[in-house]
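Residue-level structure breakdown
Okay, here's what each chain looks like letter by letter:
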Amino acid sequence: MAAIKGAIPQWKLRDVEEIRSYLKKYPVVGLVSFRGVSAMQMAKIRREFRDKIKLRVVKNNLIEKALQEEGGKFTKLIDFLGDQVAFVASEMNPFRLFKELEKTKQPSPLKPRQISPEDVVVEKGPTSFPPGPILGDLQMGGLPAAIEKGKIVIKDTVTVVKAGEVVKPEVAKALELLEIKPIKLGLDTRVLMENGIIFTPEDLKIDVEAISQQFGEAYTKALNLAVNAAYVTPETAEILLIKAFNNARNLAINTAILEKGVINDILAKAHSNMLSLASTLPSEALDDELSALLQAKEVKVVEESVEKVEEVKEEKVEEEEEEEEKREEEAIEGLGALFG
């Protein structure tokens, strides 16, 4: 049966109704760009999102019609239509959904004559390539490549293409040889909406590591404040008891309170003070026992000093051996470069 002239195709009506049903059913909806995403990558994304995110690739004019027909808060999303976009809907909160969408991005190389979205910097250092035609390819790509110790190296850090510039074919080839993939391709969030509130990528990007560190610092400061103020909580009770025990013990030792738990420490402190006092007296004022004790103390100090000197010597010998091994390796590399 031929289609009625001027009638709207049924598939368009189905697409609009499907988008409208998602707008009614899901608390979070949005638009994502998929420019540059291959069909294979998109198929993988669909498989991974099947049970948690609704992803529909629909023509922009059909998405706009669905948003207009649903009206109200949803019309705010129209401003974010354009280019190659897909509609997403989910039960997740916007921040978690954004995080899931970011996971779809994969490192990708720049293509010849593509406009670079960012500066591409190649760091100086060695490559895995031996001398050969690749050296010329890298140099044609604007890289300061040279040969050192039998390997091709990049002599200086250089920006081979700046953001907004067209990527020259020779630059793209050089970056491909070095396996540099400076861009990430995947679903790029344009906007997400929850309860009429618009969230752009700038709102949704959260440095989880930095925030976790801030929480850790806040916890540490709060714990220190509570301990110093003797504020008892389940987290501070044990610390306060240990602190009180140590303070009581130090007080008992310093004031020579003869209790069972500190008597040995008091005697040890008295013995140490006695030896310190004896060391200030002339030898004729000391009896044989005190002289023997002082000599034993001096021998112990000397032995400890000798042990430290020996440790320093051993560390120095190990460093010299490592340096010698390094020089031998460099010499072998040099011979390999000459005769390899």
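Before reading on, note that the structure itself is shown above.
Residues numbered from 1 in each chain as written. Predicted model: local features only at pLDDT ≥ 70, side-chain atom pairs only at ≥ 80, totals over all residues. Heavy atoms only, no water.

With respect to the nonpolar core
This is how the line gets drawn: By nonpolar core we mean a set of buried residues, namely Ala, Val, Leu, Ile, Met, Phe, Trp, Tyr and Cys, connected to one another through side-chain atoms within 4.5 Å. For each residue, the accessible area found with a 1.4 Å probe, counting protein chains only, is set against the maximum for its type, and the residue is called buried under 20%, exposed over 50%, and partly exposed in between. Secondary structure elements follow DSSP: runs of H or I of four or more residues count as helices, runs of E of two or more count as strands, with numbering from the N terminus. Residue contacts follow a heavy-atom distance rule, with two residues in contact if any of their heavy atoms lie within 4.5 Å.
Of all hydrophobic cores here, the largest spans 21 residues; its most connected members are L23, V29, I63, L67 and F87. Elements supplying a minimum of two residues to this core: α1 (10-25), β1 (28-33), α3 (60-70), β3 (85-90) and β11 (188-194). Setting aside chain neighbours within four positions, we find L23 in contact with V29, A66, L67, E70, F74 and F87. Judged by nonpolar contacts, the second largest core, of 20 residues, contains F129, L135, A145 and L175.

Quick word on the packing of aromatic side chains
Heads up, the rule is: The criterion for an aromatic pair is that two Phe, Tyr or Trp rings (for Trp, the six-membered ring) have centres within 6.5 Å, with stacked assigned to planes under 30 degrees apart, edge-to-face to planes over 60 apart and tilted to the rest.
Evaluated as defined, the whole model comprises 3 aromatic pairs. A ring pair is formed by Y22 and Y26, whose centres lie 5.9 Å apart and whose planes are at 70°; its orientation type is edge-to-face. For Y22, a relative accessible area of 12% corresponds to the buried category. Residues Y22 and F87 carry aromatic rings whose centres are separated by 6.3 Å and whose planes lie at 10° to one another, so their mutual orientation is stacked. Of the two residues, Y22 sits in helix α1 while F87 sits in strand β3, which places them 65 residues apart along the sequence. Judged by relative accessible area, F87 falls into the buried class, the value being 1%. Taken together, the ring pairs in this structure connect Y22, Y26 and F87 into an aromatic cluster.

Some details on the packing of helix α9 (residues 237-254) against helix α10 (residues 263-278)
Spelled out, the test is: Inter-axis angles, ranging from 0 to 180 degrees, are taken between N-to-C directions of lines fitted to C-alpha atoms, where helices are fitted over the stretch in contact. An angle below 35 degrees is read as roughly parallel, one above 145 as roughly antiparallel, one from 65 to 115 as roughly perpendicular, and any other as oblique. Rotating anticlockwise by less than a right angle from the far helix to the near helix defines a left-handed crossing, while the corresponding clockwise rotation defines a right-handed one. Just so you know the grouping, Ala, Val, Leu, Ile, Met, Phe, Trp, Tyr, Cys and Pro go in nonpolar, Asp, Glu, Lys and Arg go in charged, and all remaining residues, Gly too, go in polar.
Remark: α9 packs on α10, axes separated minimally by 9 Å, with the N-to-C direction vectors making an angle of 45°. In terms of orientation, α9 and α10 fall into the oblique class. You can see that α9 and α10 cross each other, and the crossing is right-handed. Along its contact with α9, which presents R249, A252, I253 and N254, the element α10 presents D265, I266 and K269. The residue inventory of the contact of α9 with α10, partitioned by class, reads 3 nonpolar, 1 polar and 3 charged.

Comments concerning the packing of α1 against α3
Where α1 contacts α3, the two axes come as close as 9 Å, and the packing angle between them is 50°. Judged by the inter-axis angle, α1 sits oblique to α3. α3 is crossed by α1, and the crossing has right-handed handedness. The segment α1 lies against α3, with W11, K12, D15, V16, E17, I19, R20, L23 and K24 engaging L62, K65, A66, L67, E69 and E70.

So, helix α4 (residues 94-102)
The criterion, for reference: Arc, as used here, means the arc of the directions from the helix axis to the C-beta atoms. Distance and chemistry together define a polar contact, namely a pair of N or O atoms within 3.5 Å, with one atom able to donate a hydrogen and the other to accept it when in protein, and with adjacent residues in sequence counting only for side-chain atoms on both sides.
Of all the residues in α4, the buried ones are P94, L97, F98, E100 and L101. Buried residues in α4, looked at end-on, bunch into an arc of 160°, giving them a common side. By the N-cap criterion, in which a side-chain oxygen at the helix start approaches the backbone nitrogen of a residue two or three places on, α4 is capped by N93, the distance to F95 being 3.0 Å.

Re the side chain of E100
Inspection of the secondary structure assignment puts E100 in helix α4. In this structure, E100 is in contact with F49, K52, I53 and M92, ignoring residues within four places of it in sequence.

Some thoughts on a nonpolar patch on the surface
Definition in use: Patch membership requires over 30% relative accessible area and the absence of a salt bridge. Like charges are linked within 9 Å, and nonpolar side chains (Val, Leu, Ile, Met, Phe, Trp, Tyr) within 5 Å. Calculation of accessible area relied on Shrake-Rupley with a 1.4 Å probe; when residues are assessed, cover is drawn exclusively from the protein chains displayed. Salt bridges, as used here, are contacts in which a Lys or Arg side-chain nitrogen is within 4 Å of a carboxyl oxygen on Asp or Glu.
On the surface, F95, I206, V208, I211 and F215 cluster together into a nonpolar patch covering about 460 Å² of accessible area. The biggest single contributor to the nonpolar patch is helix α8 (residues 208-228), with 3 residues. Positionally, F215 belongs in helix α8.

Considerations on the sheet that holds β1
Here is the rule we go by: For two strands to count as paired, DSSP must find a minimum of two bridges between them.
With antiparallel pairing, 5 strands are arranged side by side in an open sheet as β2-β3-β1-β11-β12. Each edge of the sheet is formed by a strand with only one pairing partner; in this case those strands are β2 (53-56) and β12 (197-199). Taken over all neighbouring pairs, the strand axes of this sheet differ in orientation by 20° on average, direction set aside. Bridging between β11 and β12 involves 3 bridges; their strand directions are antiparallel. Each residue of the ladder has a partner; that of M193, found in β12, is I198.

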